[in-house]
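# Survey of secondary and tertiary structure
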Amino acid sequence: MLNTRRPRRNRKSEAIRAMVEETIVTPNDLIFPLFLLDGKNQKTEVASMPGIFRLSTDLMLKEIESCLKLGIRAFDIFPAVEDQHKDKFATKSYDPKFFYLQALREVKKQFPEACVMTDVAMDPYSSDGHDGLVKDGKIVNDETLEILGRMALAQAETGIDILGPSDMMDGRVGYLRNILDQNGFTEVSIMSYTAKYASGFYNPFRDALDSAPKFGDKKTYQMNPANRTEALIEAQLDTEEGADFLMVKPALAYLDIIRLLKDNSQLPISAYNVSGEYSMIKAAAQRGWLDGDRAMKETLLSIKRAGADIILTYFAKEFAAGFKH
Ligand code: PBG
């Protein structure tokens, strides 16, 4: 005798499948990372990220306008800094005249309704290509905090909405929260890169910003991909220190960590679908090995299903363009 339970009944039509659908991704869930260039009318494709361009401020404003029309309302802006502006102390990161800070001001002026997130870490501005200050071949924690504090304040002064400390120094969330509050920026949020792993999936991003470390690797500050429990320690500290959101990064090889933080925190959880995860799908699709559109949607769905409330993804615009309400 056949079992009377037939789960296939709930899959028999598009209407029923839609009714019983458990997870849905919408443009509201997405943050679009953007790469900023100095100058005017500049647009260069990132070779390892087909469809993703570094843009000068004027063109980025247009890009943001077209994303807003598609329902993408949140942006994470990263600067591509020329070598001549890099130094050991990432000095340009808090120079209010530097193009990144000027551009942030311009974006918030033209699109006050856009949610603008920034990156707090030294690597794009550092001649060493590390997220922290290098002394005698080591990344020094507490001296880095002082630089990150200056950087965060300079970014907050432009009117941005969310700071994204991606550096993984100990104590930086509390340090930044304090400095922000003392300077009247109580409304600026912190999305902490809580469980950021020392990953092989960041390479295309480092191409985009030309920000690869000049020596060594990032294993003394980014987490060991083998570790799970340690993510709970980071989550607890970031929560105590005042983070508004906790992030897991990368996303796909760390879906279990996304679920772990979701089940153990009351804070919204974000996941960064990183550059290498984007490039893998694009490269396979270009060869005709995958249906890129299906692979994109399935990927974003898996990250949301794992427990992410928010997804940072280079697919944001493409996804929104094809999104049907
Ligand atoms: C650096 C930073 C990185 C990314 C975001 N911020 C790279 C790194 O840690 O080396 C990676 C994002 C991506 O790969 O899409 N502070």
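Structure's up top.
The sections below set out a description of the structure shown in this document. Since we're looking at a predicted model, the values are computed, not measured.

What counts, and where the lines are drawn
Residues numbered from 1 in each chain as written. Predicted model: local features only at pLDDT ≥ 70, side-chain atom pairs only at ≥ 80, totals over all residues. Heavy atoms only, no water. Helix = DSSP H or I, 4+ residues; strand = E, 2+ residues; numbered from the N terminus. Polar contact = N/O pair within 3.5 Å; in protein donor to acceptor, adjacent residues only side chain to side chain. Contact = heavy atoms within 4.5 Å. Phe/Tyr/Trp six-rings, centres within 6.5 Å; stacked < 30°, edge-to-face > 60°. Buried < 20%, exposed > 50% of the residue type's maximum accessible area, 1.4 Å probe, protein only. Lys NZ or Arg CZ within 6 Å of the ring centre and 35° of its normal. Salt bridge = Lys/Arg side-chain N within 4 Å of Asp/Glu carboxyl O. Near = heavy atom within 4 Å. Areas by Shrake-Rupley, 256 points an atom, 1.4 Å probe, with all protein chains shown as cover. Nonpolar A, V, L, I, M, F, W, Y, C, P; charged D, E, K, R; others polar. Lys, Arg positive; Asp, Glu negative; His and termini not counted. Expected span 1.5 Å × (residues − 1). Pairing = 2+ DSSP bridges. Right-handed = clockwise from strand over helix to strand, strands pointing away. Arc of directions from axis to C-beta.

## Here we look at the side chain of S126
Turning to its location among the elements, S126 is positioned in the loop between strand 5 (115-120) and strand 6 (133-135). A distance of 2.9 Å separates the side chain of S126 from the backbone nitrogen of D128, its partner in a polar contact. Once you skip the residues sitting within four places of it in the chain, S126 turns out to touch K86 and D87.

## Section: the packing of aromatic side chains
Inspection of the entire model under this criterion finds eleven aromatic pairs. With 6.2 Å between their ring centres and 50 degrees between their planes, F35 and F78 make a pair best called tilted. Taken together, the positions of F35 in strand 1 (residues 30-37) and F78 in strand 4 (residues 74-79) put the pair 43 residues apart, joining distant regions of the chain. For the pair shown, F35 and F78 are each scored as buried. Members of the aromatic cluster, each reached through a chain of ring pairs, are F35, F78, Y193, F205, Y272, Y278, Y314 and F315. Between K196 and the ring centre of Y202, over which it is positioned, the NZ or CZ distance is 5.5 Å.

## Concerning the pattern of salt bridges
Considering all chains together, one arrives at 19 salt bridges under this definition. Among the ionic pairs, R172 bridges to D238, the shortest N-O distance being 4.0 Å. A residue pair is termed long-range when its members are at least 10 positions apart, and R172 in helix 5 (residues 172-182) and D238 in helix 7 (residues 229-240) qualify at 66 residues. Residues R172 and D238 agree in their burial class; the two are buried. Overlapping salt bridges, with partners in common, bring together D123, D131, K196 and K218 in one network.

## Section: the site of the ligand
With respect to spatial proximity, 18 residues lie near the ligand, and among them K196, R206, K249, S275 and Y314 are the closest. One of the side-chain nitrogen or oxygen atoms of K218 is found 2.7 Å away from an oxygen atom of the ligand. At 2.7 Å, a side-chain N or O of S275 approaches an oxygen atom of the ligand. Contact with the protein chains removes 100% of the 400 Å² of surface that the ligand exposes when unbound. Counted by class, the shell around the ligand contains eight nonpolar, three polar and seven charged residues.

## Remarks on the side chain of R54
Along the chain, R54 turns up in strand 3 (residues 53-56). Of the side chains bearing the opposite charge, D207 lies closest to the buried R54, which forms no salt bridge; the N-O distance is 7.2 Å. In terms of polar contacts, R54 uses its side chain to reach the backbone carbonyl oxygen of E45, at 3.4 Å. Excluding residues within four positions of it along the chain, R54 makes contact with F35, L37, Q42, K43, T44, E45, V46, A80, D207 and A208.

## Brief notes about helix 3 (residues 99-110)
Between its first and last C-alpha, helix 3 extends 16 Å over twelve residues, near the 16 Å set by a 1.5 Å rise per residue. Among the residues of helix 3, F99, Y100, L101, A103, L104, V107 and K108 are the ones counted as buried.

## Concerning the pairing of strand 5
Counting buried positions along strand 5 yields five of six residues, so the element is predominantly enclosed. Alignment of strand 4 against strand 5, held across four bridges, turns out to be parallel. Within strand 5, the residue paired with I77 across the bridge is T118. Taken together, strand 4, helix 3 and strand 5 constitute a β-α-β crossover, and its handedness is right-handed. Here strand 5 pairs with strand 8 (residues 162-165) via four bridges, running parallel. Note on strand 8: the bridge partner recorded for M117 is I162.

## Some details on the pairing of strand 3
Residues in a regular strand project their side chains so that they alternate between the two faces of the sheet. Sheet analysis places strand 1 next to strand 3, joined by three bridges and oriented parallel. Bridging from a neighbouring strand, F35 pairs with R54 of strand 3.

## Looking at the environment of A80
Its location among the elements puts A80 in the loop between strand 4 and helix 3. As for A80 and D210, which are separated by 130 residues in sequence, their C-alpha atoms are 7.1 Å apart. Filtering out sequence-adjacent residues up to four positions away, A80 remains in contact with L36, L37, R54, F99, A208 and L209.

## Focus: helix 7
Taking 1.5 Å per residue as the helical rise, helix 7 with its twelve residues ought to reach 16 Å, and the 17 Å between its terminal C-alpha atoms agrees with that figure. Among the residues making up helix 7, those that are buried are A231, E234, A235 and D238. The arc enclosing the buried residues of helix 7, seen along the axis, measures out at 100 degrees, which places them on a common side. Of the exposed residues in helix 7, the ones pointing more than 90 degrees away from its buried face are T229 and E240. The inward-facing, buried residues of helix 7 abut helix 5, strand 9 (189-196), strand 10 (245-249) and helix 8 (255-264). In the stretch just after helix 7, G242 is the one whose phi turns positive, near 105 degrees.

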